[in-house]
Amino acid sequence: MHLNLDGRIALVTGGSRGIGAAIALVLAEAGAAVAINYRERAVDAERIAAAVTAIGPRVMTVAADVSNGEAVVSMIRTVTETLGPIDILINNAGIALIRGIDDLTEADFDQTISVNLKSAFLCTQAVLPYMRAQGWGRIVNISSGAARGAGGVGLHYNASKAGMEGLTRGYAARLVKQGITVNAVAPSLIETDMVTSGLASSASRIPVGRFGTSKEVAQVVLMLIGNAYMTGQTIALSGGMAFN
Ligand code: NAP
């Protein structure tokens, strides 16, 4: 299936690296204009923007801490003024602070819930007026296998991703009649900075025998954007580690 997203405008949170960067590129290949959000690594974001420009569509980078409501409202305004109304939102930005039960602090817990879960609420609320006005919208939330399994990060991360899947179903149920689908993708062990820089994980525990690639996650995101009948679902990809 070749998905044509000409004329669509997408925002990818955390699009400067890893999974978000791969999603920005497949959206651009399908023809969408892309806004690449990042927190602080402007050079990485500009590198992905240059790759989008080479593909063809319009692109911009936008710095914003998506756990902060004022920053999100300002980001959405900037993107809308520059590219136009957003009709594809990918809530991808996330952090994985590795903590055991006994060394997890209240600050770690709050930060994780804010960056991984509250951000999806803030960004979704801010783009909904535009999607409703057009009667079309696609929202894809990047969850994790840790929403249902133990994972290697910690229970705060489990909770943030399980919450994200609840948010996905809650929005999906309430937006289904307005042409807006809301789905989640739950990857496990994708070879990005998040996995290579901290998680003591080995590809040998993955039945497929290797880590997943960001491109493989991005392909699932694109499939969800192209499907108007699927909403409220979480699609897992884990190299055979877990089955929903
Ligand atoms: P990554 O390589 O660490 O990249 C994280 C991205 O999020 C970066 O673009 C970063 O921006 C951005 N970000 C972090 N905090 C932010 C904030 N407060 N505001 C705005 N942007 C912020 O991570 P990844 O592995 O690609 O993960 C992407 C998503 O997939 C996350 O939600 C993660 O939980 C989820 N996930 C990953 C895996 C995996 O195996 N890698 C598995 C399951 C789920 P800067 O570049 O500016 O720092």
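Residues numbered from 1 in each chain as written. Predicted model: local features only at pLDDT ≥ 70, side-chain atom pairs only at ≥ 80, totals over all residues. Heavy atoms only, no water.

1. Re the overall build of the protein
Across its full length, the protein holds seven helices and seven strands. Order of helices (α) and strands (β) in the protein, N terminus to C terminus: β-α-β-α-β-α-β-α-β-α-β-α-α-β. In terms of overall size, the protein behaves like a compact globule, its C-alpha atoms giving a radius of gyration of 17 Å where 244 residues would be expected to give roughly 18 Å. Taken along its principal axes, the extent of the C-alpha atoms in the protein is 45 × 40 × 35 Å. The 244 residues of the protein split such that 51% are buried. Residue pairs in contact within the protein that sit at least 24 positions apart in sequence constitute 72% of those at least 6 positions apart. Accessible surface computed for the protein: about 10900 Å², of which carbon and sulfur atoms make up 53%. A distance of 8 Å separates the average location of the 19 positive side-chain charges in the protein from that of its 18 negative side-chain charges. (Helix = DSSP H or I, 4+ residues; strand = E, 2+ residues; numbered from the N terminus. Rg over C-alpha atoms; globule rule 2.2 N^0.38 Å. Buried < 20%, exposed > 50% of the residue type's maximum accessible area, 1.4 Å probe, protein only. Contact = heavy atoms within 4.5 Å. Areas by Shrake-Rupley, 256 points an atom, 1.4 Å probe, with all protein chains shown as cover. Lys, Arg positive; Asp, Glu negative; His and termini not counted. Charge placed at Lys NZ, Arg CZ, Asp CG, Glu CD.)

2. Some words on a nonpolar patch on the surface
Judged by side-chain polarity, Ile101, Phe109 and Leu155 come together as a nonpolar surface patch covering roughly 290 Å² of accessible area. Along the chain, Phe109 turns up in helix α4 (residues 106-134). (Patch = residues over 30% accessible without salt bridge, like charges linked within 9 Å, V, L, I, M, F, W, Y side chains within 5 Å. Salt bridge = Lys/Arg side-chain N within 4 Å of Asp/Glu carboxyl O.)

3. A look at the site of the ligand
Around the ligand there are 31 residues in total, and Ser16, Glu40, Tyr157, Ile190 and Thr192 lie nearest to it. Within the side chain of Ser16, an N or O atom sits 2.7 Å from an oxygen atom of the ligand. Between an oxygen atom of the ligand and a main-chain N or O atom of Leu189, the distance comes to 3.4 Å. Burial of the ligand by the surrounding chains reaches 97%, relative to a free accessible area of 910 Å². If you list the elements that add at least two residues to the shell around the ligand, you get α1 (18-29), β2 (33-38), α5 (155-175) and α6 (193-196). In terms of residue count, α6 provides more of the shell around the ligand than any other element does, three residues in total. Partitioning the shell around the ligand into residue classes produces 14 nonpolar, ten polar and seven charged. (Near = heavy atom within 4 Å. Polar contact = N/O pair within 3.5 Å; in protein donor to acceptor, adjacent residues only side chain to side chain. Nonpolar A, V, L, I, M, F, W, Y, C, P; charged D, E, K, R; others polar.)

4. With respect to unusual backbone geometry
For Leu189, which is not glycine, the phi torsion reads 55° and is therefore positive. Within the element layout of this structure, Leu189 appears in the loop between β6 (180-187) and α6. With a relative accessible area of 12%, Leu189 lands in the buried category.

5. Thoughts on the nonpolar core
With 36 residues, the main nonpolar core has Leu5, Ile23, Leu27, Ile90, Val185 and Ile225 as its most contacted residues. Every element with two or more residues in this core is listed here: β1 (9-12), α1, β2, α2 (42-55), β4 (88-91), β5 (137-142) and α7 (214-225). Among the nonpolar cores identified, the runner-up in size contains 28 residues, and Val62, Val72, Cys123 and Val127 belong to it. (Core = buried A, V, L, I, M, F, W, Y, C linked by side-chain atoms within 4.5 Å.)

6. Quick look at the sheet that holds strand β7 (residues 234-237)
If you walk across this open sheet you meet the seven strands as β3-β2-β1-β4-β5-β6-β7, and the pairing is parallel. Looking at which strands have only one partner, the edges of the open sheet turn out to be β3 (59-63) and β7. With strand direction ignored, the average angle separating the axes of adjacent strands in the sheet is 15°. Note: β4 against β5, four bridges, orientation parallel. (Pairing = 2+ DSSP bridges. Axes fitted to C-alpha atoms, helices over the stretch in contact; angles between N-to-C directions.)

7. Concerning the environment of Ile19
For Ile19, the position within the fold is in helix α1. Along the chain, Ile19 and Met194 lie 175 residues apart, while their C-alpha atoms are 9.9 Å from each other. When near neighbours in sequence (up to four residues on either side) are disregarded, Ile19 contacts Asn92, Pro187, Ile190, Thr192, Ser214 and Val217.

8. Side note on the pairing of β6
Look at any regular strand and the pattern is simple: side chains alternate between the two faces of the sheet. Among the eight residues of β6, eight are classified as buried, and the element is accordingly described as predominantly covered. Following the backbone out of β5, through α5 and into the adjacent parallel β6, one traces a crossover that is right-handed. In this structure, β6 lies alongside β7, joined through four bridges in parallel fashion. Within the sheet, the bridge partner assigned to Ala184 lies in β7 and is Thr234. (Right-handed = clockwise from strand over helix to strand, strands pointing away.)

9. Focus on the packing of α1 against α7
As a packed pair, α1 and α7 sit with axes 8 Å apart at the nearest point and diverge in direction by 50°. Comparing their axes, α7 and α1 come out oblique. Remark: the crossing between α1 and α7 carries right-handed chirality. Side by side, α1 and α7 meet where Gly18, Ile19, Ala22, Ile23, Val26 and Leu27 of the first sit next to Ser214, Lys215, Val217, Ala218, Val221, Leu222 and Ile225 of the second. Per-class residue counts for the contact of α1 with α7 are ten nonpolar, two polar and one charged. (Parallel < 35°, antiparallel > 145°, perpendicular 65-115°, else oblique. Left-handed = near helix turned anticlockwise from the far one by under 90°.)

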